[in-house]
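# Survey of secondary and tertiary structure
Letter by letter, the chains look like this.
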Amino acid sequence: MTTATPEALTVPEVMAALRVGRSTVYDLIRRKTLASFTIGRCRRISVDSLAAYIRTQTEDNA
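A brief look at the structure comes next. Predicted model only: the values in this text are computed from it and were never measured. (Residues numbered from 1 in each chain as written. Predicted model: local features only at pLDDT ≥ 70, side-chain atom pairs only at ≥ 80, totals over all residues. Heavy atoms only, no water.)

### Concerning the packing of helix α1 (residues 11-18) against helix α3 (residues 47-60)
Each pair of packed helices gets described by two things: the angle between the helix axes and the distance between those axes. Contact geometry for α1 and α3: axes closest at 12 Å, N-to-C directions at 30°. Between α1 and α3, the interaxial angle falls into the category roughly parallel. In this structure, the crossing between α1 and α3 has a hand that is right-handed. For the pair α1 and α3, the contacting residues are Val-14, Ala-17 and Leu-18 in the first and Leu-50, Tyr-53 and Ile-54 in the second. Residue composition of the contact of α1 with α3, by class: 6 nonpolar, no polar and no charged. (Axes fitted to C-alpha atoms, helices over the stretch in contact; angles between N-to-C directions. Helix = DSSP H or I, 4+ residues; strand = E, 2+ residues; numbered from the N terminus. Parallel < 35°, antiparallel > 145°, perpendicular 65-115°, else oblique. Left-handed = near helix turned anticlockwise from the far one by under 90°. Contact = heavy atoms within 4.5 Å. Nonpolar A, V, L, I, M, F, W, Y, C, P; charged D, E, K, R; others polar.)

### Quick word on the environment of Val-25
Here Val-25 is to be found in helix α2 (residues 22-30). C-alpha of Val-25 to C-alpha of Asp-48: the two residues are 23 residues apart in sequence and 16 Å apart in space. Dropping the residues within four chain positions of it, Val-25 is found in contact with Val-11, Val-14, Met-15, Val-20 and Leu-34.

### Describing α3
Helix length check: α3 (14 residues) gives 20 Å between terminal C-alpha atoms against 20 Å at 1.5 Å per residue, within 8%. Along α3, the residues classified as buried are Ser-49, Leu-50 and Tyr-53. The buried side chains of α3 occupy one side of the element, clustering within an arc of 100° when seen end-on. Turned more than 90 degrees from where α3 packs its buried face, Asp-48, Thr-58 and Glu-59 sit exposed. (Expected span 1.5 Å × (residues − 1). Buried < 20%, exposed > 50% of the residue type's maximum accessible area, 1.4 Å probe, protein only. Arc of directions from axis to C-beta.)

### Notes on unusual backbone geometry
One non-glycine residue, Arg-19, lies in positive phi territory at about 55°. Here Arg-19 shows up in the loop between α1 and α2. The exposure class of Arg-19 is exposed, given its relative accessible area of 72%. Unlike most non-glycine residues, Lys-32 shows phi in positive territory, near 65°. With respect to the helices and strands, the residue Lys-32 is situated in the loop between α2 and β2 (37-39).

Next comes the structure, spelled out in structure tokens:
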């Protein structure tokens, strides 16, 4: 049995990946700095969106 890598992350998973708080993640989403989508009432962030955000931050701060 194989486990698939998730395509979409939850807010707590993004919090752990970036090592920031919940309000920071929602702030990034609200400012449209980190793209997200909803499924019902659940907020999700694609792995690609998170990677793009990290890449952008790395390039901007280099």
